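Spelled out, the chains give:
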Amino acid sequence: MTTSPPTAPDPPGAFPARRMRRLRRTPAMRRLVAETRLSVDDLVAPLFVADGIAAPRPISSLPGVVQHTLDSLGDEVARLVRLGVPGVLLFGLPRPGDKDATGSAGTDPAGIVPRAVAVARQAAGDHVVVMTDCCLDEFTDHGHCGVLDATGRDVDNDATLPLYVAAARAHAAAGADVVAPSGMMDGQVAAIRAGLDEAGFASTAILAYAAKYASALYGPFRDAVDVTIAGGGDRCGYQQDPRNRREGVVEVTLDLTEGADMVMVKPALSYLDVVADVRAAVDVPLAAYHVSGEYAMVKAAAERGWLDGTAVALEHVTAIRRAGADMVITYFAAELAERLS
Ligand code: PBG
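Residues numbered from 1 in each chain as written. Predicted model: local features only at pLDDT ≥ 70, side-chain atom pairs only at ≥ 80, totals over all residues. Heavy atoms only, no water.

1. Considerations on the side chain of Gln 239
Inclusion rule: Think of it this way: any DSSP run of H or I at least four residues long counts as a helix, any run of E at least two long counts as a strand, and we number them from the N terminus. Summary of the burial criterion: residues with accessible area below 20% of their type's maximum are buried, those above 50% are exposed, and those between are partly exposed, where the area comes from a 1.4 Å probe applied to protein chains only. Here, residues are in contact when the closest pair of their heavy atoms is within 4.5 Å.
On the secondary structure map, Gln 239 appears in the loop between helix H7 (219-224) and helix H8 (246-258). The exposure class of Gln 239 is buried, given its relative accessible area of 5%. Non-local contacts of Gln 239, meaning those with residues more than four positions away in its chain, are made with Met 184, Lys 212, Tyr 213, Ala 214, Ser 215 and Tyr 218.

Here you go:
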């Protein structure tokens, strides 16, 4: 390293050693040369709505996030629209007594998710893209993402597909713009696309949870939706092994072949290599889900005063964009929208 004073010229023909200093000098210069831009347009807010509760319920492992009533959901969607957030992703919780082996409350056209879609639509018209999760784990009494096979331990992939189709149709009929199957059953995208088209919902889009890993980072989400997997089970039989990188692109390619309009990598921050791989491999819109555990870690540290939570959130979500995601589904959506405006 030379230590020549900043006024000395770069030697002729040498690498312009002080270029980086020059390009980092002022906030305006840094803005001008920034490679990655984060805008409110890139954010999607996940929202929880619970059937049969009288008031919103805080979720202790997700500070600032609640289980909404239908009324408070409408208010929150309206607030997000005012903040400029262009998308919401709805998750429904049935009344506890309505859970059963096939998750029937999740396929009911009058269930909590279709009613929540109608409320969101009422609150925001077409100013927000209403997305719905069409998985069944919130609705099954055993907590798995589909129906169980004869062993009672494994999910029956093919028997689950028609249930996802029924859920997607119910959501589409209520006015969802996008259905997002997160169950990781093989063939789910093809089944849902065909099922939507047959029922006259050709304009409902599919955001495939294409590369979804069996992650411990979903812990707070399971508190949020009151899901416990029976017998201490896990989802390793249908979600991806965190050790597998190449498989991410394989999963995405399969879902695109089946008719996905957009694809997702999940979780986001711990899987930036997968986000980058997928970005390089496909041209469709790419979402990354900054999941509950990724949010909770930042919140917990910020509560202790160990770091600046909003600054870290901004850095994390920017990093997810830098890796190649077009949109980020994040519990920080409202907080970041406020910061970005
Ligand atoms: C499945 C589903 C999960 C999440 C979204 N959809 C949990 C799981 O697969 O166990 C997790 C999202 C998060 O952690 O924020 N319905």
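Further notes follow.
2. A short note on the packing of aromatic side chains
Here is the rule: For Phe, Tyr and Trp, rings pair up if their centres lie within 6.5 Å, where Trp contributes its six-membered ring, and each pair is then called stacked (planes under 30 degrees apart), edge-to-face (over 60) or tilted (otherwise). We call a charge positioned above a ring when the Lys NZ or Arg CZ atom is no farther than 6 Å from the ring centre and deviates by at most 35 degrees from the ring normal.
Taken as a whole, this structure holds 9 aromatic pairs when the rule is applied. Between Phe 48 and Tyr 331, the ring centres sit 6.1 Å apart and the planes meet at 10°, which makes this aromatic pair stacked. Linking Phe 48 in strand S1 (residues 43-50) with Tyr 331 in the loop between strand S10 (327-330) and helix H12 (333-340), this pair joins segments that are 283 residues apart in sequence. We note that Phe 48, like Tyr 331, is buried. Summarising the aromatic geometry, the rings of Tyr 289 and Tyr 331 are spaced 6.2 Å apart at their centres and angled 45° between planes, so their arrangement reads as tilted. Taken together, the positions of Tyr 289 in strand S9 (residues 286-290) and Tyr 331 in the loop between S10 and H12 put the pair 42 residues apart, joining distant regions of the chain. Note on accessibility: Tyr 289 and Tyr 331 belong to one class, buried. Through pairs of rings, three or more aromatic residues link up here, namely Phe 48, Phe 91, Tyr 209, Phe 221, Tyr 289, Tyr 295, Tyr 331 and Phe 332. When the ring centre of Tyr 218 is taken as reference, the NZ or CZ atom of Lys 266 above it lies at 4.6 Å.

3. Topic: the pattern of salt bridges
Here is the rule: Salt bridges are identified by distance alone: a Lys or Arg side-chain nitrogen within 4 Å of an Asp or Glu carboxyl oxygen.
Throughout the structure, instances matching the rule amount to 14 salt bridges. Linking Arg 79 and Glu 76 is a salt bridge whose minimum nitrogen-to-oxygen distance equals 3.0 Å. Taken together, the residues span about one helical turn, with Arg 79 and Glu 76 both in helix H3 (residues 70-83) at a distance of 3 residues. Overall, the relative accessible area of 16% leaves Glu 76 in the buried class. Linking Asp 177 and Arg 121 is a salt bridge whose minimum nitrogen-to-oxygen distance equals 2.5 Å. Taken as a pair, Asp 177 in the loop between helix H5 (157-174) and strand S6 (178-180) and Arg 121 in helix H4 (residues 112-124) lie far apart in primary sequence, 56 residues in all. Classification of Arg 121 by relative accessible area gives buried; the value is 17%. Salt bridges here are not isolated pairs; linked through shared partners, they connect Glu 76, Arg 79 and Glu 338.

4. A look at the environment of Gly 183
Residue placement: Gly 183 occurs in the loop between S6 and helix H6 (188-198). For Gly 183, a relative accessible area of 0% puts it in the buried group. Distance from Gly 183 to Lys 212, taken between C-alpha atoms, is 9.0 Å for residues 29 residues apart in sequence. Excluding anything up to four places from it in sequence, Gly 183 contacts Cys 135, Cys 145, Tyr 164, Gln 188 and Tyr 238.

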